[in-house]
Amino acid sequence: MSQLLDKAKNFVAETVADIPKPEATVTDVDLKDVTHENIEYVAKVSVSNPYITPIPIGEISYTLKSAGRAIASGTIPDPGSLKANDTTMLEVPVKVPYSILISLARDIGADWDIDYELELGLTIDLPVIGDITIPFSHKGEMKLPTLKDIF
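Residues numbered from 1 in each chain as written. Predicted model: local features only at pLDDT ≥ 70, side-chain atom pairs only at ≥ 80, totals over all residues. Heavy atoms only, no water.

Our focus in this paragraph is empty space enclosed by the protein. Within this structure, the stated rule accounts for one cavity of 30 Å³ or more. The space that makes up the largest cavity amounts to roughly 30 Å³. What lines the largest cavity is Val-29, Tyr-41, Ala-43, Leu-64, Val-94, Tyr-116, Leu-118 and Met-142. For the lining of the largest cavity, the secondary-structure elements that each account for two or more residues are strand 2 (38–48) and strand 6 (113–126). Split into classes, the residues belonging to the lining of the largest cavity amount to eight nonpolar, no polar and no charged. (1 Å grid on protein atoms, 1.4 Å probe; cavity = no way out; pocket = protein on both sides within 12 Å on 5 of 7 lines; lining within 4 Å. Points joined across faces, edges and corners; volume = space filled by probe spheres on them. Helix = DSSP H or I, 4+ residues; strand = E, 2+ residues; numbered from the N terminus. Nonpolar A, V, L, I, M, F, W, Y, C, P; charged D, E, K, R; others polar.)

Secondary-structure assignment places Ser-66 in strand 3 (residues 55–66). Classification of Ser-66 by relative accessible area gives buried; the value is 2%. Within the local environment of Ser-66, its side chain forms a polar contact with the backbone oxygen of Asp-115, the two atoms lying 2.8 Å apart. (Buried < 20%, exposed > 50% of the residue type's maximum accessible area, 1.4 Å probe, protein only. Polar contact = N/O pair within 3.5 Å; in protein donor to acceptor, adjacent residues only side chain to side chain.)

With the exception of glycine, the majority of residues adopt a negative phi angle, and the majority of peptide bonds are in the trans configuration. The phi angle at Asp-78 is positive, at roughly 45°, despite the residue not being glycine. Here Asp-78 lies in strand 4 (residues 69–82).

Bringing the sheet that holds strand 7 (residues 130–143) into the picture now. Pairing in this open sheet of four strands is antiparallel, and the strands run 4-3-6-7 from one edge to the other. Where the open sheet ends on each side, the last strands, each with one partner, are strand 4 and strand 7. The sheet shows a mean angle of 15° between the axes of neighbouring strands, direction not considered. Relative to strand 6, strand 3 runs antiparallel, the two sharing eight bridges. Bridge pairing in strand 6 places Ile-60 opposite Leu-122. (Pairing = 2+ DSSP bridges. Axes fitted to C-alpha atoms, helices over the stretch in contact; angles between N-to-C directions.)

Moving on, we get to the nonpolar core. As a rule of thumb, soluble globular proteins bury nonpolar side chains together. Val-45, Leu-64, Val-92, Leu-120, Leu-122 and Ile-124 are the most contacted members of the largest nonpolar core, which totals 32 residues. Of all the elements in the fold, those that place two or more residues in this core are strand 1 (23–34), strand 2, strand 3, strand 4, strand 5 (87–97), strand 6 and strand 7. Considering every element that reaches this core, the biggest residue donor is strand 6, with six residues. (Core = buried A, V, L, I, M, F, W, Y, C linked by side-chain atoms within 4.5 Å.)

In structure tokens:
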């Protein structure tokens, strides 16, 4: 009986591993807004859904890192759904406080940009399987706003 149960567990594990899952990539990170408290960037995320039914997104979590440390993080609860058999573009707003930018002065001073890594987790609710989180990350450079961007 024990062997039969082990075979059933292995079958289910292999079947679930072979199920196609949604895939996500960061397509761009742009300057969105400059306020008196922070600089807001927006990460554009492309998510493909291989299923014939829309999939609800539970939340999007993000961490923006520079120079090996987190400079912004947060979650976006209930951002909508992924379109069925299609690609959905999501926008993830990331607010970076000025106090953090001052501590990154060495990196900023060289070329007026921030080398960053954006780590994202897209939590979706798959029927039968349940909640899964798709982790992905993107590295790049963000230009800081100039006076022209502010005025």
